[in-house]
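Residues per chain, in single letters:
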Amino acid sequence: MSRQRTGRSAAEPARSLPSKFSVGDWVEGWTRPTDGTREQSELHQGEVVQIGSGWAGVDADAAYLWVRLPDGTERRLCMKRTTHTPRRTS
């Protein structure tokens, strides 16, 4: 027996509700520490480069943004604890 082709791959991004953030937005928010660690949340400002993980179910309960900081590094910010902010000019 052959399997019927669905035209979908296992790696297809999840369909979800629209976000209040867009790639390119300047935001300020708190990091989301990795579960099971003693990491502390830190406040950062930066440019949104990715919204969530893009994979079904991965960030459903704890949505996050990937944000590029002015020094070029990236941080994962908790979406519930992040707001839009004016872009820094200095």
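Refer to the structure printed above.
Quick notes on the rules
- Residues numbered from 1 in each chain as written.
- Predicted model: local features only at pLDDT ≥ 70, side-chain atom pairs only at ≥ 80, totals over all residues.
- Heavy atoms only, no water.
- Core = buried A, V, L, I, M, F, W, Y, C linked by side-chain atoms within 4.5 Å.
- Buried < 20%, exposed > 50% of the residue type's maximum accessible area, 1.4 Å probe, protein only.
- Contact = heavy atoms within 4.5 Å.
- Salt bridge = Lys/Arg side-chain N within 4 Å of Asp/Glu carboxyl O.
- Helix = DSSP H or I, 4+ residues; strand = E, 2+ residues; numbered from the N terminus.
- Pairing = 2+ DSSP bridges.
- Phe/Tyr/Trp six-rings, centres within 6.5 Å; stacked < 30°, edge-to-face > 60°.
- Lys NZ or Arg CZ within 6 Å of the ring centre and 35° of its normal.
- Axes fitted to C-alpha atoms, helices over the stretch in contact; angles between N-to-C directions.

Q: How do you make sense of the nonpolar core when you look at a structure like this?
A: Within soluble globular proteins, side chains that are nonpolar tend to cluster in buried spots. Judged by nonpolar contacts, Phe21, Val27, Val48, Leu65, Val67, Leu69, Leu77 and Met79 together constitute the single largest core of eight residues. Setting aside its immediate chain neighbours within four residues, Leu69 contacts His44, Gln45, Gly46 and Arg75.

Q: Sorry, what's going on with the pattern of salt bridges here?
A: It is possible for side chains bearing opposite charge to pair when their charged atoms get close. The tally for this structure, following the rule as stated, stands at two salt bridges. When the shortest N-O distance is used, the salt bridge between Glu47 and Arg87 registers 3.9 Å. With Glu47 in strand β2 (residues 43-51) and Arg87 in the segment after β4 (74-84), the pair connects residues that are 40 residues apart, well separated along the chain. With a relative accessible area of 30%, Glu47 lands in the partly exposed category. With a relative accessible area of 44%, Arg87 lands in the partly exposed category. Residues Arg68 and Glu74 are paired through a salt bridge, measuring 2.8 Å at the closest nitrogen-oxygen approach. Here Arg68 falls in the partly exposed class, since its relative accessible area comes to 38%. For Glu74, a relative accessible area of 36% puts it in the partly exposed group.

Q: Can you help me understand the pairing of strand β3 (residues 64-68) in this one?
A: Two faces make up the sheet, and in a regular strand the side chains alternate between them. Sheet topology places β2 next to β3; four bridges connect them, and they run antiparallel. By the bridge assignment, Val48 is partnered in β3 with Val67. When β3 meets β4, the two strands line up antiparallel, connected through five bridges. Bridged to Trp66 within β4 is Arg76.

Q: Looking at this structure, how should I read the pairing of β2?
A: Relative to β2, strand β1 (residues 26-31) is paired through five bridges, and the arrangement is antiparallel. Following the sheet pairing, Val27 is matched in β2 by Gly46.

Q: Explain the packing of aromatic side chains here, please?
A: Aromatic ring pairs: the centre-centre distance and the angle between the two ring planes describe each pair. Using the criterion set out here, one finds one aromatic pair in the structure. Where Tyr64 meets Trp66, the ring centres are 6.1 Å apart and the plane angle is 90 degrees; that geometry is what we call edge-to-face. Looking at Arg76, its charged tip hangs above the ring of Tyr64, at a distance of 5.2 Å from the centre.

Q: It is not clear to me how the sheet that holds β3 should be interpreted in this structure. Could you clarify?
A: Two orientations exist for strands paired in a sheet by backbone hydrogen bonds: parallel and antiparallel. Strand order in the closed barrel formed by four strands is β1-β2-β3-β4, and the pairing between neighbours is antiparallel. Strand-to-strand, the axes of this sheet are offset by a mean angle of 70 degrees, without reference to chain direction.

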